[in-house]
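Each chain is listed here by its residues.
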Amino acid sequence: MTRRARPGSGTPWFAVALGVSLAVVLGFLVLPVLAIFVNTSPARLVASLGESESIEALKLSLETTVIAIVIIVIVGTPAAFLLATRSFPGKSIVLTLVELPLVLPPAVAGIGLLAALGPDGLLGGALGDAHIQLVLQTAGVVVALVFVASPFYLRQAQTAFASIDRSYMDASRTLGAGQAQTFIRVAIPLARSGVIAGVALAWGRALGEFGATLMFAGSFQGITQTVPLAIYDRFATDFPSALALSAILVIVSASLLLAVKLLCRGEALSGAVR
Amino acid sequence: MVLCAELSSTVGDIELELSLQVAAGRCLALAGPSGAGKTTILRLIAGTATPERGRVLSREQVWLDTERRIDTPPEGRRCGYVFQDYALFPHLCAWRNVAYGLGDLPRSQRRARALELLERLGLAGRADARPATLSGGERQRVALARALARRGDVLLLDEPLSALDAGTRAAATHTVLEVLRETEAPVILVTHDFADAALLGDEVAVIDRGRVVQQGTASSLAATPGSAFVANFTGAVVLTGIARPAADGLTTVALDGGGEVSTAAAGPSTGPVSVSVYPWEIVLEPLDAVAGGSAQNRLPAQVVSVTSVGNRVRVGLQASQPLIAEITQPAARELGLTVGSRIIASWKATATRLTES
């Protein structure tokens, strides 16, 4: 066998290498997810859904993530628009700061939140005066989720806004619409699919959030124990139950991803964008 | 004058520096090669960009005066603006695109008014269609209807014909002419095509690198181009050479590469010059034709291309410098023109314009 490359000889070694690479990636990524379902009987899954603890964790996860996403979208969308359409001194620094939580370990995020918003934190006094308590409270879970998930949304939304052709915005202005009206009636509809993708990413990240929530809000059943925390709680004592809850989280996350893909595709088919 | 603009700005590597005036109901065509800064001029007038220095006045209203720090935002300027490629909102159907410019009307009247405008442009049947499903010609008409909906004090048209294929151009040109005839506002139209500018503009300003190099009626620009650039842009064949005075008040130009032509045009009579002649003024004769006509300029040339354009034939020629002649189909048949045949290209000294090189 010779190892010399033979250009034009039609050796499919490169195509084979590409295929092997994809197979390895796919196998590695799918195997753990598959294992969860292989090790959980459908009966166990249904039984897990019957447990009040599981239901409580699931309810809390949905509640806190939905609230977090609503906050992220309402506050983050105008910010993303500004970052996408204006240039100002120090913009690259601002962008880096906004993206910083993406690379922070969740434990660091949790410590940071405690140091900032905890009772002895930077803003702890002010919050205390206003009778707002976040640590070990459901509100604290929402704060942790917003912190770790918002950069995912901001990045996607910013890219979506930046890719809108300038002439659409100019057209809106010359037709008599002010900046705010142009944002609502032109920019948001045209950036819709990117914004939806950002919501999906941020929501997925929030659903899986573990470290920052544990450190900042703790793990109290019914108050701060979201599904990932409940899974960890059972992991040492009741492995099959942890498996069943994991399976439920996989199903919820996968349906979320699928729903967003369908939503975006439906839009593309109707020719709404370009 | 109803619209006056004095603009001065650096945009990319172009130094924009110009002053424009347009009267009510008149159309000024800004014509020039791409990258000359034409679209930027429209943006500065509409207010979607701000120049370093400048003033824009519309009907005695000051839209922009950088010295007095006045800069009315675009929504306050009342400009009907047809964008290059039209910029129709892809998420709105045709009538909603038009109604977008009707913010001044009560909500209940907007649909009826939008439909009225679409009907005026012959598009009533497509009111509910999204831009993606409209043809190029239909999009152009929606864009015109939307710009008219604004009932602007100024109408700005950016390349209104260039996004169209040859088949729809004739009808679209007719539509634009109709709109121009009916509008009472001053109109500024941008095009890279001198023929379009001549067709649509009452006056043409030739723009090069951010400046007006010559302004006048299309026919006056073609008859007396002020520079080789304008001559070339108006579609003339431009030849370079060295001029010297000749008898009878004519000027003789020794062409670079060989050959001589005479011109009766006023212009520099010594030194390096450009002479220009329009393709339809060039007469093609067989090599053995007797030089008995009134054409003073005769250059032997070889045919390098023969292209039919509508009912005409454009003949590419190689003399000492390249030439283009435009003749009719029967004339081309009679001459038996094929690539490689040798002929005489001739034209009158009075059809030869002279500009400094």
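Parameters at a glance
Residues numbered from 1 in each chain as written. Chains lettered and ligands numbered in written order. Predicted model: local features only at pLDDT ≥ 70, side-chain atom pairs only at ≥ 80, totals over all residues. Helix = DSSP H or I, 4+ residues; strand = E, 2+ residues; numbered from the N terminus. Buried ≥ 20, exposed ≤ 12 C-beta atoms within 10 Å, placed from the backbone. Contact = placed C-beta atoms within 7 Å. Expected span 1.5 Å × (residues − 1). Nonpolar A, V, L, I, M, F, W, Y, C, P; charged D, E, K, R; others polar. Pairing = 2+ DSSP bridges. Domains from an automatic or database assignment. Axes fitted to C-alpha atoms, helices over the stretch in contact; angles between N-to-C directions. Core = buried A, V, L, I, M, F, W, Y, C linked by C-beta atoms within 7 Å. pLDDT = per-residue confidence, 0-100.

1. With respect to the overall build of chain A
(1) Moving on: In terms of regular secondary structure, chain A is built from 13 helices and zero strands.
(2) Moving on: Reading the helices (α) and strands (β) of chain A from amino to carboxyl end gives α-α-α-α-α-α-α-α-α-α-α-α-α.
(3) Moving on: Along the three orthogonal principal directions, the C-alpha set of chain A runs to about 70 × 55 × 40 Å.
(4) Moving on: Within chain A, buried positions represent 34% of all 274 residues.
(5) Moving on: For chain A, restricting intrachain contacts to residue pairs at least 6 apart in sequence, the fraction spanning at least 24 positions comes to 77%.

2. Quick word on the overall build of chain B
(1) Moving on: Scanning chain B for helices and strands turns up nine helices and 21 strands.
(2) Moving on: With the principal axes as the frame, chain B shows a C-alpha extent of 75 × 50 × 30 Å.
(3) Moving on: Of all 357 residues assigned to chain B, the portion counted as buried reaches 43%.
(4) Moving on: The long-range fraction of contacts in chain B, counting pairs at least 24 apart against all pairs at least 6 apart in sequence, stands at 64%.

3. Quick word on helix α3 (residues 107–120) of chain B
Residues and elements named next belong to chain B.
(1) Moving on: Between its first and last C-alpha, α3 extends 21 Å over 14 residues, near the 20 Å set by a 1.5 Å rise per residue.
(2) Moving on: Those residues of α3 that are buried are in contact with α2 (94–99) and α4 (136–149).
(3) Moving on: Within two residues after α3, glycine 122 carries a phi angle of roughly 75°, on the positive side.

4. Comments concerning the interface of chain A and chain B
By convention, interface size is frequently given as the accessible area that disappears when the constituent parts associate.
(1) Moving on: Facing the 17 residues of chain A at the interface are 19 residues of chain B.
(2) Moving on: Among the elements of the structure, α8 (166–174) and α9 (179–190) of chain A are those that each provide at least two residues to the side of chain A that touches chain B.
(3) Moving on: The greatest single-element share of the side of chain A that touches chain B, amounting to six residues, is contributed by α8(A).
(4) Moving on: Looking at side-chain class alone, the side of chain A that touches chain B contains nine nonpolar, five polar and three charged residues.

5. A closer look at the pairing of strand β5 (residues 61–65) of chain B
Residues and elements named next belong to chain B.
(1) Moving on: Both strand β4 (residues 53–58) and β5 contribute to a ladder of four bridges, which runs antiparallel. Each residue of the ladder has a partner; that of serine 58, found in β5, is glutamine 61.
(2) Moving on: With two bridges joining them, β5 and strand β6 (residues 70–71) adopt antiparallel strand pairing. The residue bridging aspartate 65 from the neighbouring strand is isoleucine 70, located in β6.
(3) Moving on: Adjacent in sequence and paired antiparallel, β5 and β6 are bridged by four residues, among which arginine 69 carries a positive phi angle near 55°.

6. Here we look at the environment of Gln156(A)
Residues and elements named next belong to chain A.
(1) Moving on: Relative to the helices and strands, glutamine 156 is located in helix α7 (residues 138–162).
(2) Moving on: Considering only alpha carbons, one finds glutamine 156 and leucine 243, 87 residues apart in sequence, at a separation of 32 Å.
(3) Moving on: Contact partners of glutamine 156, with chain neighbours within four places excluded, come to Gly194, Ala197, Gly198 and Leu201.

7. Description of the domain arrangement of chain B
All names here are of chain B.
(1) Moving on: You can read the domains of chain B as domain 1 (3–223) and domain 2 (228–356).
(2) Moving on: The straight-line distance from the C-alpha centre of domain 1 to that of domain 2 is 38 Å.
(3) Moving on: When residues of the side of domain 1 that touches domain 2 are traced back to their parent elements, those giving at least two are β10 (203–208), β11 (211–216) and α7 (218–223).

8. What to know about the sheet that holds strand β20 (residues 342–347) of chain B
Residues and elements named next belong to chain B.
(1) Moving on: Strand order across the open sheet formed by five strands is β16-β20-β17-β18-β19, with antiparallel pairing between neighbours. In this open sheet, the two edge strands, each paired with only one partner strand, are β16 (283–286) and β19 (322–328). Across the sheet, the mean angle separating the axes of adjacent strands is 45° when strand polarity is ignored.
(2) Moving on: Where β16 lies against β20, four bridges are found, and the strand directions are antiparallel. Among the inter-strand pairings, proline 286 is bridged to a residue of β20, identified as isoleucine 343.

9. Considerations on the pairing of strand β3 (residues 27–31) of chain B
All names here are of chain B.
(1) Moving on: Counting buried positions along β3 yields five of five residues, so the element is predominantly enclosed.
(2) Moving on: Of the two faces of β3, the one holding Cys27, Ala29 and Ala31 and the one holding Leu28 and Leu30 are both buried throughout.
(3) Moving on: Pairing of β3 with strand β9 (residues 187–191) involves five bridges; the strand directions are parallel. Bridged to leucine 30 within β9 is valine 190.
(4) Moving on: Here four bridges tie β3 to β10, and the two strands are oriented parallel to one another. Its bridge partner being in β10, alanine 29 is matched across the sheet by valine 204.

10. Describing the nonpolar core
(1) Moving on: In this structure, Ala144(A), Ala149(A), Leu30(B), Ile45(B), Val98(B) and Leu156(B) are the most contacted members of the largest nonpolar core, which totals 161 residues.
(2) Moving on: Of all the elements, α7(A) adds the most residues to this core, at 15 residues.
(3) Moving on: Domain assignment of the residues forming this core places at least three in each of domain 1 (3–223) and domain 2 (228–356) of chain B.
(4) Moving on: Among all residues touching Ile45(B), those that are not within four sequence positions of it are Ala5(B), Val56(B), Cys79(B), Val154(B), Leu156(B) and Ile188(B).

11. What to know about the confidence of the model for chain A
(1) Moving on: With 93% of its residues at a pLDDT of at least 70, chain A reaches an overall mean of 89.
(2) Moving on: The low-confidence segment residues 269–274 of chain A, where pLDDT is below 50, has twelve contacts with residues more than four positions distant or belonging to other chains.

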